[in-house]
Amino acid sequence: GQQVMQIPQYQHVQEGEDFTTYCNSSTTLSNIQWYKQRPGGHPVFLIQLVKSGEVKKQKRLTFQFGEAKKNSSLHITATQTTDVGTYFCAAANAGGTSYGKLTFGQGTILTVHP
Amino acid sequence: EAGVAQSPRYKIIEKRQSVAFWCNPISGHATLYWYQQILGQGPKLLIQFQNNGVVDDSQLPKDRFSAERLKGVDSTLKIQPAKLEDSAVYLCASSFLVSDTEAFFGQGTRLTVV
């Protein structure tokens, strides 16, 4: 079945430093979504990438989708304490019997030291 | 717009007992997901419905877990009998279409099996 690997598992940064998390799929994806989960909360949608090579920005967050639509990254510039949480990628199958199945990665836990 | 409603928020049961969770998705959302999230891990897809049909249930332990979505709206997830390793947060989510739009999550049900 589809596997979605996310690295690193943990990232500790000083406030102001940059942060990047990577997501890799074993299969070609229809789209990839990114979610943030605060401690004790539920996942909240950040963005969706659909096109090969797509890059989207949200303020300090930059999201990329690989040319082969099998990998993605999230980069945060100049982290702030409000960025603390777990960042998940969620991959949507491109085809097969489970078309549209939404599979989450293991997540990257980000802690930011003031 | 009302969000995804889940109940109960918390449940403590003894092993071998049964439990049921309820989810009311956002009105008009065709796709409904049940995820299991064990502490420190990413959400694991148990079952995904489109309307009242199943898109994927490959990771649903069918010997003890069952789920239904009557009339393509509300859904219930049942565990019978529960095991210690079923202790987790059970998240329900919905999206307008099949995973090509953002998924909205409910607050989740935290299950503790003792």
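Residues numbered from 1 in each chain as written. Chains lettered and ligands numbered in written order. Predicted model: local features only at pLDDT ≥ 70, side-chain atom pairs only at ≥ 80, totals over all residues. Heavy atoms only, no water.

What follows deals with the overall build of chain A. Secondary structure assignment for chain A yields zero helices and 11 strands. Mapped from its N terminus to its C terminus, chain A presents α and β elements in the order β-β-β-β-β-β-β-β-β-β-β. Relative to the compact-globule value of 13 Å for 114 residues, chain A shows a C-alpha radius of gyration of 14 Å, a close match. Along the first, second and third principal axes, the C-alpha atoms of chain A reach 45 × 30 × 20 Å. When the 114 residues of chain A are sorted by exposure, 48% land in the buried category. When the accessible surface of chain A is split by element, carbon and sulfur atoms take 52% of a total near 5400 Å². Of the charged side chains in chain A, 10 are positive and 6 negative; the average position of the first set lies 11 Å away from that of the second. (Helix = DSSP H or I, 4+ residues; strand = E, 2+ residues; numbered from the N terminus. Rg over C-alpha atoms; globule rule 2.2 N^0.38 Å. Buried < 20%, exposed > 50% of the residue type's maximum accessible area, 1.4 Å probe, protein only. Areas by Shrake-Rupley, 256 points an atom, 1.4 Å probe, with all protein chains shown as cover. Lys, Arg positive; Asp, Glu negative; His and termini not counted. Charge placed at Lys NZ, Arg CZ, Asp CG, Glu CD.)

The next subject is the sheet that holds strand 7 (residues 61–65) of chain A. Hydrogen bonds along the backbone pair up the strands of a sheet, which may run parallel or antiparallel. Residue and element names in this part refer to chain A. Taken together, five strands build an open sheet; the order of strands is 1-3-8-7-6 and the sheet is antiparallel. Two strands lie at the open edges of the sheet, namely strand 1 (4–7) and strand 6 (55–58), each paired on one side alone. When strand polarity is set aside, the average angle formed by the axes of neighbouring strands in this sheet is 15°. Taken together, the four bridges between strand 1 and strand 3 (residues 19–25) define a ladder with antiparallel strand orientation. Pairing of isoleucine 7 across the sheet is with tyrosine 22, part of strand 3. (Pairing = 2+ DSSP bridges. Axes fitted to C-alpha atoms, helices over the stretch in contact; angles between N-to-C directions.)

Residue and element names in this part refer to chain B. Across the sheet, which stays open at both edges, the four strands sit in the order 1-3-8-7 with antiparallel pairing between neighbours. Of all the strands in the sheet, the pair left with one neighbour each is strand 1 (5–7) and strand 7 (65–68). Strand-to-strand, the axes of this sheet are offset by a mean angle of 15°, without reference to chain direction. Pairing of strand 1 with strand 3 (residues 19–24) involves three bridges; the strand directions are antiparallel. Residue pairing in the sheet places glutamine 6 in a bridge with cysteine 23 of strand 3.

Let us now look at the state of the cysteines. The tally for this structure, following the rule as stated, stands at two disulfides over all chains. Paired through a disulfide, cysteine 23 of chain A and cysteine 89 of chain A show a sulfur-sulfur distance of 2.0 Å. Judged by the torsion about the S-S bond (70°), the cysteine 23 of chain A/cysteine 89 of chain A disulfide is right-handed. Taken together, the residues cysteine 23 of chain A in strand 3 and cysteine 89 of chain A in strand 9 (residues 85–93) connect sequence positions 66 residues apart. On the basis of relative accessibility, which here comes to 1%, the residue cysteine 23 of chain A falls in the buried class. Take cysteine 89 of chain A: its relative accessible area is 0%, and that puts it in the buried class. In this model cysteine 23 of chain B forms its disulfide with cysteine 92 of chain B; the gap between the sulfur atoms is 1.9 Å. Taking the torsion about the sulfur-sulfur bond, which here is approximately -70°, the covalent link between cysteine 23 of chain B and cysteine 92 of chain B counts as left-handed. (Disulfide = S-S within 2.5 Å.)

Quick look at the pairing of strand 11 (residues 109–113) of chain B now. Looking down a regular strand, the side chains alternate between one sheet face and the other. Residue and element names in this part refer to chain B. Taking every second residue as pointing to the same face, the buried face of strand 11 carries Thr109, Leu111 and Val113, while none of Arg110 and Thr112 on the other face is buried. As paired strands, strand 2 (residues 10–13) and strand 11 are joined by four bridges and run parallel to one another. Its bridge partner lying in strand 11, isoleucine 12 is registered against threonine 112. Pairing of strand 9 (residues 88–95) with strand 11 involves three bridges; the strand directions are antiparallel. Pairing of valine 89 across the sheet is with arginine 110, part of strand 11.

Here we take up the layout of surface pockets. Taken as a whole, the largest pocket spans an internal volume of roughly 610 Å³. In this structure, the largest pocket is lined by 33 residues; those nearest its centre are Gln37 and Gly40 of chain A together with Gln37, Leu39 and Arg110 of chain B. Only strand 9 and strand 11 (108–113) of chain A together with strand 9 and strand 11 of chain B provide two or more residues apiece to the lining of the largest pocket. For the lining of the largest pocket, the leading source of residues is strand 11 of chain B, giving four residues. Partitioned by chemical class, the residues of the lining of the largest pocket number 12 nonpolar, 18 polar and three charged. (1 Å grid on protein atoms, 1.4 Å probe; cavity = no way out; pocket = protein on both sides within 12 Å on 5 of 7 lines; lining within 4 Å. Points joined across faces, edges and corners; volume = space filled by probe spheres on them. Nonpolar A, V, L, I, M, F, W, Y, C, P; charged D, E, K, R; others polar.)

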